[in-house]
Amino acid sequence: MARRLPLSNLHISKRLQWARNHMSYDDKWMAVLFNDEKEWNLDGPDGNIKYWHDLRKEPSSFFSRQNGGGSVMVSAAFGFNGKVGLAFLDDRQNSPKYIETLENHLMPFAENIEGGNWEYHHDNAPIHTSNAKKNYLSSKNVTVLEWPPMSPDLNPIENVWCIMSRKVYENGGQFYSVNALKAAIESAWYKEEPEILQTLIMSLEKRAYDVILNNGKTLNY
């Protein structure tokens, strides 16, 4: 069954406005840093597990421990010219912890961006839109990229998570320790080819056009 975002008329209107504002962003996309967090379960990705089954052999099985056997929360960011080092997050995230992650991981990377002219992207999660976070970014003179609500289909880092998930959980992979899962996540992240990340970023201009052509509705990205 096809998945569709539950878009309201207001969501659609904001997506269309965003697309009109960014359909000619051109090389400005090369100066955007995309950031996001993702939870990884030891027992595998959320959703159905699929595999090819040789009917001449016993079928494989998949087990699921309570709460997925445990999980790891990761923060990652990337731009056209590189990736920010992964940050493994402890405990439940809130505004102070989010600001700490930005200070220790993203800002040192951003300070080396040539010319210092860059924009920061994150989605509209509550910790991303808090006043404390806004004040912090303002104190650092960071410009935040306008972003419409309910729009993971426009976000290139969502594509990166999918690519990484296929590598981390290939062949139905499950993990018995947090350290083993962390090692697999790090391997997938640092082996991500720069050309793929650049292609995803430069696809945003086409995504903006596609939003307009699709009257603001969900895209197949």
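This text gives an overview of the structure that appears in the document. (Residues numbered from 1 in each chain as written. Predicted model: local features only at pLDDT ≥ 70, side-chain atom pairs only at ≥ 80, totals over all residues. Heavy atoms only, no water.)

### Thoughts on the packing of helix α6 (residues 194-202) against helix α7 (residues 204-213)
- In contact at an axis separation of 5 Å, α6 and α7 are set at 30° when each is read in the N-to-C sense. For the pair formed by α6 and α7, the contact residues are Leu-200, Ile-201 and Met-202 on the first element and Leu-204, Glu-205 and Arg-207 on the second.
- Residue classes in the contact of α6 with α7 are distributed as four nonpolar, no polar and two charged. (Axes fitted to C-alpha atoms, helices over the stretch in contact; angles between N-to-C directions. Helix = DSSP H or I, 4+ residues; strand = E, 2+ residues; numbered from the N terminus. Contact = heavy atoms within 4.5 Å. Nonpolar A, V, L, I, M, F, W, Y, C, P; charged D, E, K, R; others polar.)

### Brief notes about helix α1 (residues 9-22)
- Its 14 residues give α1 an end-to-end C-alpha distance of 20 Å, which sits within 8% of 20 Å, the value for a rise of 1.5 Å per residue.
- Here α1 has its buried residues at His-11, Ile-12, Arg-15, Leu-16, Trp-18, Ala-19 and His-22. One side of α1 carries all its buried residues, which in axial view fall inside an arc of 160°. Residues of α1 that are exposed and point more than 90 degrees away from the buried face comprise Asn-9 and Leu-10.
- On its buried side, α1 packs onto α7. (Expected span 1.5 Å × (residues − 1). Buried < 20%, exposed > 50% of the residue type's maximum accessible area, 1.4 Å probe, protein only. Arc of directions from axis to C-beta.)

### As for helix α3 (residues 131-139)
- Among all positions of α3, only Lys-133, Tyr-136 and Leu-137 are buried. In a view along the axis of α3, the buried residues occupy a sector of 95°, so they form one face of it. Every exposed residue of α3 that faces more than 90 degrees away from the buried side is listed here: Asn-131, Asn-135 and Ser-139.
- Elements in contact with the buried residues of α3: α2 (95-110), β5 (119-121) and β6 (143-144).
- Of the residues flanking the end of α3, it is Asn-141, one or two places downstream, whose phi is positive at about 60°.

### Some thoughts on the environment of Ile-196
- Relative to the elements of secondary structure, Ile-196 occurs in helix α6.
- Through-space distance from the C-alpha of Ile-196 to that of Val-160 is 8.8 Å; in sequence the pair is 36 residues apart.

### Let's talk about the pattern of salt bridges
- Across all of its chains, the model carries four salt bridges by this definition.
- Taking the shortest distance from any N to any O, the salt bridge between Lys-140 and Glu-103 comes out at 3.6 Å. In this pair, Lys-140 sits in the loop between α3 and β6 while Glu-103 sits in helix α2, placing the two residues 37 residues apart along the sequence.
- Residue class for Lys-140 comes out partly exposed when judged on its relative accessible area of 35%. (Salt bridge = Lys/Arg side-chain N within 4 Å of Asp/Glu carboxyl O.)

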